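Examining the three-dimensional arrangement
Okay, here's what each chain looks like letter by letter:
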Amino acid sequence: TERSTIGMMGNKYLWWSALAVIALLVVGVGCSRAMARGKTPIMSLFAFNYSPYYLDDVRVDGQFLGGIGGYTNGGSGMAPRAPRGKGPHSVRVRWIEANRYDLATNRYLDEGHRVPREAVVPLKTPYPPNPATLLLHFYADGHVEAELLDKGVNKWDVRRMPVPKEHKDHDQY
């Protein structure tokens, strides 16, 4: 009888432990749903590069975008959350300006060029109602512009400068 009493007590604690785990799961799901309703959507990141330099290790507010080819485009990642309100808001962009793309030879010149760059870039206003993409534009003079694209806007339609005709990938962009 002593053994059966111990077994019943063990089952009792197991039952209460299971109930506690279920209660925690229900509370956790409810809280995460409530928090998700109050947050703005996560956007994608993309960039056009109008400079001759390969842009390496591009990051936007710490989010990794990737590398961006000279005169072309690149990177694709998850952006920070869309800003709330009317703005103005800005993003911190960090990158390494690397080898220069030579249009005469259609290749990157290995000149050992690696210069860290950083910019605080204001987001172009007004913001679209349903921002889905944070798009960066890197210019040859070193400045960067940023804009939010509404859901359904094709990023290829907002490229501001064409890929040079001399570039080997001219017809692909």
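In this text the structure is predicted, and so the values were computed from the model without any measurement.

Our next topic: the overall build of the protein chain. The number of helices and strands found in the protein chain is one helix and nine strands. Listing every helix and strand of the protein chain by position from the N terminus yields α-β-β-β-β-β-β-β-β-β. Scored against the burial criterion, the 173 residues of the protein chain give a buried share of 33%. In the protein chain, the share of contacts with a sequence separation of at least 24, taken over all contacts with a separation of at least 6, comes to 58%. Here the protein chain has roughly 11,000 Å² of accessible surface; of this, 57% comes from carbon and sulfur atoms.

With that settled, consider the pattern of salt bridges. Evaluated as defined, the whole model comprises eight salt bridges. Notably, a salt bridge pairs R160 with E145, separated by 2.2 Å at the nearest N-O pair. With R160 in the segment after β9 (144-150) and E145 in strand β9, this pair connects stretches of sequence that are 15 residues apart. For R160, a relative accessible area of 32% corresponds to the partly exposed category. The partner of R160 in a salt bridge is E147, and the shortest N-O contact between them spans 3.1 Å. Of this pair, R160 sits in the segment after β9 while E147 sits in strand β9, placing them 13 residues apart in sequence. With a relative accessible area of 9%, E147 lands in the buried category. What you see here is one network of salt bridges that share partners, running through R92, R94 and E118.

Most peptide bonds take the trans configuration, and most residues that are not glycine carry a negative phi. Backbone torsion omega between T125 and P126 reads 0°, so that peptide bond is classified as cis. Structurally, the position occupied by P126 is in the loop between β7 (115-122) and β8 (131-138). Unusually for a residue other than glycine, D61 sits at a positive phi of about 50°. Here D61 is to be found in the loop between β2 (53-60) and β3 (63-68).

Quick look at the pairing of β2 now. Sheet topology places β2 next to strand β5 (residues 90-102); five bridges connect them, and they run antiparallel. Considered in β5, the bridge of L55 is made with E97. Bridge count for β2 against β3 is four bridges, and the pairing is antiparallel. Looking at the pairing, L55 lines up with I68 of β3. Where β2 hands over to β3, the hairpin turn is made up of two residues, of which D61 adopts a positive phi near 50°.

Note that D102 resides in strand β5. Buried and unpaired, D102 has no salt bridge, with R100 as the nearest side chain of opposite charge at 4.0 Å. Other than its neighbours up to four places away in sequence, D102 contacts R107 and L109.

Below, the discussion takes up the packing of aromatic side chains. All told, the structure shown has nine aromatic pairs when counted by the stated rule. Taken together, a centroid distance of 5.4 Å and an interplanar angle of 70° make the contact between F46 and W156 edge-to-face. Residue F46 is found in strand β1 (residues 42-49), and its partner W156 is found in the segment after β9; the two are separated by 110 residues along the sequence. By relative accessible area, which is 40% here, W156 ends up partly exposed. Each ring, one from Y71 and one from Y101, has its centre 6.4 Å from the other, and the planes form 80°; the classification is edge-to-face. Of the two residues, Y71 sits in the loop between β3 and β4 (73-81) while Y101 sits in strand β5, which places them 30 residues apart along the sequence. When its relative accessible area of 16% is taken as the criterion, Y71 is described as buried. The class of Y101 is buried, set by a relative accessible area of 3%. Members of the aromatic cluster, joined through ring pairs, are F46, F48, Y50, Y139 and W156. Over the ring of F46 we find K155; its NZ or CZ atom is 4.6 Å from the centre of that ring.

Each value, and the rule that gives it
Residues numbered from 1 in each chain as written. Predicted model: local features only at pLDDT ≥ 70, side-chain atom pairs only at ≥ 80, totals over all residues. Heavy atoms only, no water. Helix = DSSP H or I, 4+ residues; strand = E, 2+ residues; numbered from the N terminus. Buried < 20%, exposed > 50% of the residue type's maximum accessible area, 1.4 Å probe, protein only. Contact = heavy atoms within 4.5 Å. Areas by Shrake-Rupley, 256 points an atom, 1.4 Å probe, with all protein chains shown as cover. Salt bridge = Lys/Arg side-chain N within 4 Å of Asp/Glu carboxyl O. Pairing = 2+ DSSP bridges. Lys, Arg positive; Asp, Glu negative; His and termini not counted. Phe/Tyr/Trp six-rings, centres within 6.5 Å; stacked < 30°, edge-to-face > 60°. Lys NZ or Arg CZ within 6 Å of the ring centre and 35° of its normal.

These values are about where atoms sit, not about what they do.
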